[in-house]
Amino acid sequence: MMFSSKQFSTSSNNLRWYGLFNLILLVLLCAWFWQKNQDIITPDAILPADNKVQCISYAPYYGKDQTPFKIDTHISTTQIDDDLAKIAKISHCVRIYSVGQGLDYVPEAASKLGMKVLLGAWIGWTPADNEKEVNLAIKLAKQYPETIKGLIIGNEVLLRGEQTEATLQKYIERVKRETKIPVTYADVWEFWLKHKNLAKSVDFVTVHILPYWENDPQPIDHAIQHADIVMDKVSTTFQKPILIGETGWPSIGRQREESIPSPTNQARYIREFLREADAKHWNYNLIEAVDQPWKRELEGTVGGFWGIYNTDLQPKFNYTGPITERHDGLTPIYFGLLGSAMLMLIALAIGERRALAVFNMAILGGLTGAITFLQFENLSTACGNGDIISAFTCVQAAGRPLFSIIQLLEWFYFGGAVIVGLVAIFSFPSLMFKSPVHANNIIRISLVLLLLGAITAGLLLIFDGRYRDFPVIIDGFIAIQLSVGLMIANVNITFPKQPYTALGLAALIAAIICYSFEPTNWNAIYWIVITLLLAIACGPRKQRTVI
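For clarity, every value in this text was computed on a predicted model and none was experimentally measured. (Residues numbered from 1 in each chain as written. Predicted model: local features only at pLDDT ≥ 70, side-chain atom pairs only at ≥ 80, totals over all residues. Heavy atoms only, no water.)

Peer 1: Is there a simple way to explain the packing of aromatic side chains in this structure?
Peer 2: Pairs of aromatic rings are described using the distance from one ring centre to the other and the angle between the two planes. This structure, assessed with the given rule, holds 19 aromatic pairs. Pairing Phe69 with Trp294 gives two aromatic rings, centres 5.7 Å apart and planes at 85 degrees, and the pair type is edge-to-face. With a gap of 225 residues between them, Phe69 in the loop between β2 (56-57) and α3 (77-87) and Trp294 in the loop between β9 (283-286) and α11 (296-299) connect regions that are remote in the sequence. The exposure class of Trp294 is buried, given its relative accessible area of 15%. Taken together, a centroid distance of 5.7 Å and an interplanar angle of 75 degrees make the contact between Trp192 and Phe238 edge-to-face. Here Trp192, found in helix α8 (residues 189-194), pairs with Phe238, found in the loop between α9 (223-237) and β8 (242-247); they are 46 residues apart in sequence, far enough to count as distant. (Phe/Tyr/Trp six-rings, centres within 6.5 Å; stacked < 30°, edge-to-face > 60°. Helix = DSSP H or I, 4+ residues; strand = E, 2+ residues; numbered from the N terminus. Buried < 20%, exposed > 50% of the residue type's maximum accessible area, 1.4 Å probe, protein only.)

Peer 1: Which parts of the structure should I look at to understand helix α7 (residues 165-178)?
Peer 2: Since the α-helix turns once every 3.6 residues, residues separated by three or four places project in the same direction. Its 14 residues place the ends of α7 20 Å apart at the C-alpha level, agreeing with the 20 Å of an ideal helix rising 1.5 Å per residue. Residues of α7 that are buried make contact with α5 (127-143), β5 (148-155), α6 (157-160) and β6 (183-188). (Expected span 1.5 Å × (residues − 1). Contact = heavy atoms within 4.5 Å.)

Peer 1: How should helix α4 (residues 106-113) be read in this particular structure?
Peer 2: When α4 is considered as a whole, its buried residues turn out to be Val106, Pro107, Ala109 and Ala110. One face of α4 carries all of its buried residues, which in axial projection span an arc of 160 degrees. Of the surrounding secondary structure, the elements contacted by the buried residues of α4 are α3, β3 (93-96), β4 (116-121), α5 and β5. (Arc of directions from axis to C-beta.)

Peer 1: Help me understand the pattern of salt bridges in this model?
Peer 2: For side chains bearing opposite charge, pairing can occur when the charged atoms are close. Counting across every chain of the model gives 18 salt bridges. One salt bridge connects Lys295 with Glu288, and the closest N-O pair in it is separated by 3.2 Å. For Glu288, a relative accessible area of 2% puts it in the buried group. The shortest N-O distance in the salt bridge between Arg468 and Asp464 comes to 2.9 Å. The buried category is assigned to Arg468, whose relative accessible area is 2%. Shared partners join several salt bridges into a network, and the residues in it are Glu131, Arg174 and Glu178. (Salt bridge = Lys/Arg side-chain N within 4 Å of Asp/Glu carboxyl O.)

Peer 1: I'm lost on the state of the cysteines in this one. Help?
Peer 2: Disulfide: a covalent bond connecting the sulfur atoms of a pair of cysteines. Tallying each qualifying case throughout the model produces 1 disulfide. Linked covalently through their sulfurs, Cys55 and Cys93 form a disulfide whose S-S length is 2.1 Å. Disulfide Cys55-Cys93: the torsion about the S-S bond is -50 degrees, which places it as left-handed. In this pair, Cys55 sits in the loop between β1 (39-40) and β2 while Cys93 sits in strand β3, placing the two residues 38 residues apart along the sequence. The exposure class assigned to Cys55 is buried, which follows from its relative accessible area of 1%. (Disulfide = S-S within 2.5 Å.)

What follows is the structure, encoded as C-alpha cells:
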C-alpha cells in the first residue's frame, strides 16, 4: 500500500500539542536533574579523633582486566603499597579475603604503615587450593604476629555450599594449633545461627550484616534498626566476641523491593552505622575500600559499587557535611543541545520549513540528548568497563559459559536498545513531515527489536532477577514517544495484527510476573508501564483528519 506525504503530515494543531507534551517532559527532566544535584543534609558520622574507621575490606581488583577469576592474575607490590597508603588515611586496618595472587604481600605493606590486617584464607571447592591458602596464611601469621590481628579461615563457604561445617572446623582447629593469633570464620548472620556449633572452634564470631542483600531487603530508613536487631540476636546466641565482618551499602545498582542503591543512601548508611557502632561499642569492618568491577559478573551492576572509593581511588562521599546524589555539571545540557541541533538539521534537510515543526524537533532533540546521556551512564555501570570480550573470557575461565552467554545477551540488548531507540527517534522528522512509508518501516523494525528485548529482559528478571537491572532508563523514553507522543502528534503507525500483538502481550506478561515478585519495587511498576506503552504503540489508532 502506498501513502502520500499529506496523509501522514502532522498538522499545526497537532504540532502545538506535541510540542507542549515534549516541553512538559523536558521541564520535568530538568527538574529531576536539578533536584538530584542538590545538597542533602544527613547526620555526621562519629569517629575517633583521627577520623579513621576500625577496619575496611581491601581487594585490589579494580583495574582493567583485574579479577580473581583469572588464575594468572598477580597484583604488584607497587599497587598494594599505593593502595594501602591511600586507605591508611581513612582506616587503621584492612581485611583481605585471600593470600593468593600477590596478596600475601599485604601484611608486609601494612606493617610499614602501622596498619593491622584481618587476614583471610580463601576456602572453596578444591582441597589442594584450600591447603595452599591455609599453609600460606599460617606462614604469614608467624611472620607478622604484630600486624595480623585475626585470621579468617573461610568466607561465606557455608552460604555457597562449598564445604561442610565439619571440614571448616578441621581447618580452623589446625590453624589455631599452629598459630597464636585469634582465628574466626566469616559468614552472613543467618548461617551462623544455623551452624551454632561452629562457634566452639573459633576465638570470635564474624558475622556479615548487609541490609540490602537480606532475603527481606531493608529500606534505608530501617537499615540501622535491622543491624541492631541482628546484633541483639547474635550477641545473645554466642558468648564469644562478635565482629561485624562486613557491612555497607551499594551506591549504584538494582533496587530490591524498597532497598535502593544510591550515593546518598550509601553515605547515609555508613554515617549512621558509624554513629551506632560508636554508641554500642561494636567491632566492625566496612565493605569495602574500592569499587570492584569484576563483581558485576556475579552480582549484577550492584556488585561493583560497594566501595568507599571509586575505581579512580576518589572518595564517593565525606563522613561529615552535606552529600549530593549526582555531580552532573553542564554535561546534560551539552548532550541536550547536541540532540536539538541534530534533529533540527534533519527536519531542515528533508525540506520542513515550518517554524513550529522545527521548534518541535528542537525540543524533542533536547529531550533525546539528555536521556541519551543517562542511557550511556546506565550502560557504563551495567556493562562493567565495557570490555565485553574480556568479561566473556573471564567468566568462561570460571567454568560458567552459560552464564557468559546470558550476560552477553543482556549487554547486547542494553546497548542495542539504546541504538534502536535513537534510530527510531531520529526517524521522527521523516515520519511526521516527509517520507512516512520508509519511516513507518523503521518504527516497525524498532518496535520488534524493542519488544524482543523487553521479553528477554523480562525472562532474565524472572529467572535471575536478584542480579538483573530493570531497563527503565533504557526503554522508558522511547516507549513514551512511540505510544503517547505519536498519538498526540496524530501519526498512525500501521502494523499487521501479528506478530506485534503477541510480542507485546508476551512482554507485558513477563513484566507482570516480575512485579508479582516485588510489588513494593517501583522499578517493577515502571517496567509494567513501559512494556504496556510498547504494546500500545503496536495497537490500532484512529487516524484523525489532517488540517
